[in-house]
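# A structural walkthrough
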Amino acid sequence: MTTPRPARPGGGLPSPYASDGSSANLADILERVLDKGVVIAGDIKINLLDIELLTIKLRLVVASVDRAKEMGIDWWESDPALSSRARHSELSRENADLQRRIAELEGRTA
């Protein structure tokens, strides 16, 4: 004889994915995925009479920041839109370039 599963606190039927002693919740699954990393890759090619018209290459990497850095992926650190350090560095370069150009112009007029 089997014992029925208890109903959820809010009512309704119990979740079919929960087992009695070892339920994996979304946070556990997400932690595992971010710890190990997941790569999804795919190519889409459109041909017409053996002539390639379009190729789309899709690559998706899901990983934690630490794991991504271990894999050598750190593009967000040099993107001024995503990193204040990169934005400051870009502004410093731009400022130095403008100062150099002003000095050149002032040198020509003197």
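All values reported here derive from a predicted model rather than from experimental measurement. Within each chain, residues carry numbers counting from 1 in the order of the written sequence. In keeping with the model being predicted, local features are shown solely for residues with a pLDDT of at least 70 and side-chain atom pairs are shown and tallied solely at 80 or more, while totals for entire chains, interfaces and linings include all residues. As a rule here, side-chain values cover all heavy atoms of the structure and leave hydrogens and water aside.

### A short note on the overall build of the protein
If you tally the helices and strands in the protein, you get three helices and two strands. In the protein, the succession of α and β elements from N to C terminus is α-β-β-α-α. By residue count, 3% of the 110 residues in the protein fall in the buried class. Sequence separation of 24 or more characterises 16% of the internal contacts of the protein that already satisfy a separation of 6 or more. Helix and strand assignments follow DSSP, with helices taken as H or I runs no shorter than four residues and strands as E runs no shorter than two, numbered in order from the N terminus. Only protein chains enter the accessibility calculation, which uses a 1.4 Å probe; a residue whose area is less than 20% of its type maximum is buried, one above 50% is exposed, and one in between is partly exposed. Contacts: residue pairs with any heavy atoms within 4.5 Å of one another.

### Quick notes on the environment of Ala63
In this fold, Ala63 is placed in the loop between strand E2 (51-62) and helix H2 (65-70). With residues near it in sequence (within four places) discarded, Ala63 still touches Leu34, Gly37, Ala68 and Met71.

### Some points on the pattern of salt bridges
Basic side-chain nitrogens of Lys or Arg form a salt bridge, by our definition, when they fall within 4 Å of a carboxyl oxygen of Asp or Glu. Following the criterion strictly, the structure yields five salt bridges and no others. Residues Lys69 and Glu77 are paired through a salt bridge, measuring 2.8 Å at the closest nitrogen-oxygen approach. Here Arg100 and Asp97 are joined by a salt bridge, their closest N and O atoms 2.4 Å apart. Linking Arg100 with Asp97, this pair stays in helix H3 (residues 84-109), spanning three residues, or about one helical turn. Assessed through its relative accessible area of 43%, Arg100 is described here as partly exposed. What makes Asp97 partly exposed here is its relative accessible area of 32%. Via salt bridges that share partners, Asp97, Arg100 and Glu104 belong to a single interconnected network.

### Focus: the confidence of the model for the protein
A score from 0 to 100, pLDDT tells how confident the predictor is in each residue. When pLDDT is averaged across the protein, the result is 77; 78% of the residues are at 70 or more. Least confident of the elements in the protein is helix H1 (residues 26-36), whose mean pLDDT is 81; most confident is E2, at 88.

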